[in-house]
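Architecture at a glance
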Amino acid sequence: MSGWSGFLVLTVAALLLLAVIQGVAMLIGHRIGRYNVVDVVWGLGFVGVAWLAVAIGDGDATRRWLLAILTSVWGLRLSWHMHVKSRGRGEDPRYTALLERAGAGSAASGPNVAGAGSAASGPNLAGAGSAASGPNVAGGNGLGIVARKIFATQGASQWFVSLPIQVSAVLGSGGTLATVLTVVGTLLWVGGFGFEAIGDAQLRRFKSDPANKGVIMDRGLWSWTRHPNYFGDACVWWGMWIIAASVWPGVLTLLSPIAMTYFLVYATGARLLEQSMSKRPGYPEYQARTSYFLPRPPRKVTAAP
């Protein structure tokens, strides 16, 4: 099958795959007593959809394989990063607060940490992390709230953001312009992936030094933007959209990278981190001299007389 009939088969298969991934993750989370496992499977879900597109799609093979490889490199690195970050720690306060607002209840947890459901790397404050907590929601009603508010939401977001990969998988090859756009998209992906991975590595190295405990990370990429990981993640998905948009009607999936950027900047990413960090000593000064999202050289802030 090709065209829109092929897309329909692929997108239904993607929905089923994501439902299985999120369902298994929810059961694991319920068993271990914390639901931040959903962040670990965020990247894995996209990897699954990308390879499903390779298997089911009958569009241009080169583009299908390229998007699958790019998605796998990004998704596997992110999932491993989130696994290492959350290993041995308690529940993510985002989910604690969400379940409390929904009336499901949860165990207490430690200080607020960052989380975008995707490229989260924790606050750029050494020594800040979440404390261990006990099991979260028990019982059918609470589990239903968890399923709807956390796992179904994440699964639906994965499906929507991955639409460029799905649509591209059933489209044929293009001409010279398509080749140019594919190169441009790949270069943007490379730059974004490097920005995200380097930012995460710089923060991890900074936080591993006991001398930096309680100190705001404002070095390396973190001196150019307060959220290099989120910025890099946005570039990754805009790059993959450009590749998908190289052949009509891939451009129609424009809302997917817009949605991912919105998640990273406003919905669950940088905005929530800023709220949790704004009262930390030294963070207002860091905000004054460092760009919020788009990288630029740090400002020179003149001290008050």
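Conventions and cut-offs
- Residues numbered from 1 in each chain as written.
- Predicted model: local features only at pLDDT ≥ 70, side-chain atom pairs only at ≥ 80, totals over all residues.
- Heavy atoms only, no water.
- Helix = DSSP H or I, 4+ residues; strand = E, 2+ residues; numbered from the N terminus.
- Buried < 20%, exposed > 50% of the residue type's maximum accessible area, 1.4 Å probe, protein only.
- Contact = heavy atoms within 4.5 Å.
- Polar contact = N/O pair within 3.5 Å; in protein donor to acceptor, adjacent residues only side chain to side chain.
- Core = buried A, V, L, I, M, F, W, Y, C linked by side-chain atoms within 4.5 Å.
- Phe/Tyr/Trp six-rings, centres within 6.5 Å; stacked < 30°, edge-to-face > 60°.
- Expected span 1.5 Å × (residues − 1).

Helix and strand counts for the protein chain stand at 11 helices and zero strands. Helices (α) and strands (β) of the protein chain occur, in sequence order from the N terminus, as α-α-α-α-α-α-α-α-α-α-α. Expressed as a percentage of the 305 residues in the protein chain, the buried residues total 53%. Excluding contacts between residues fewer than 6 apart, the proportion of contacts in the protein chain whose partners are at least 24 apart in sequence is 78%.

Of note, R34 is situated in the loop between α1 (3–32) and α2 (37–56). Its relative accessible area of 18% is what places R34 among the buried residues. Side chain to side chain, R34 and N36 meet in a polar contact 2.7 Å long.

On to the nonpolar core, then. By size, the foremost hydrophobic cluster in this structure holds 48 residues, and its most contacted members are F46, W74, W189, V236, W237, M240 and M260. Of all the secondary-structure elements, those providing two or more residues to this core are α1, α2, α3 (61–86), α7 (176–207), α8 (228–244), α9 (255–267), α10 (270–277) and α11 (283–289). Once residues within four sequence positions are removed from consideration, W74 is found in contact with W42, G43, F46, W189, F193, E196, D233, V236 and W237.

For the rest of this paragraph, the subject is the packing of aromatic side chains. All chains considered together, the criterion is met by 15 aromatic pairs. Ring centres 5.6 Å apart and planes at 65° place the aromatic pair F46 and W74 in the edge-to-face group. Taken together, the residues F46 in helix α2 and W74 in helix α3 connect sequence positions 28 residues apart. An angle of 75° between the planes, with centres 5.2 Å apart, marks the rings of F195 and F231 as edge-to-face. One end of the pair, F195, is in helix α7; the other, F231, is in helix α8, with 36 residues separating them in the sequence. When sorted by exposure, F195 lands in the same class as F231, which is buried.

On to α8. End to end, α8 covers 25 Å across 17 residues, agreeing with the expected 24 Å (1.5 Å per residue, within 8%). Counting buried positions over the 17 residues of α8 gives 16, a clear majority of the element.

What follows covers the side chain of E274. For E274, the location among the structural elements is in helix α10. Using a relative accessible area of 9% as the deciding quantity, one classes E274 as buried.

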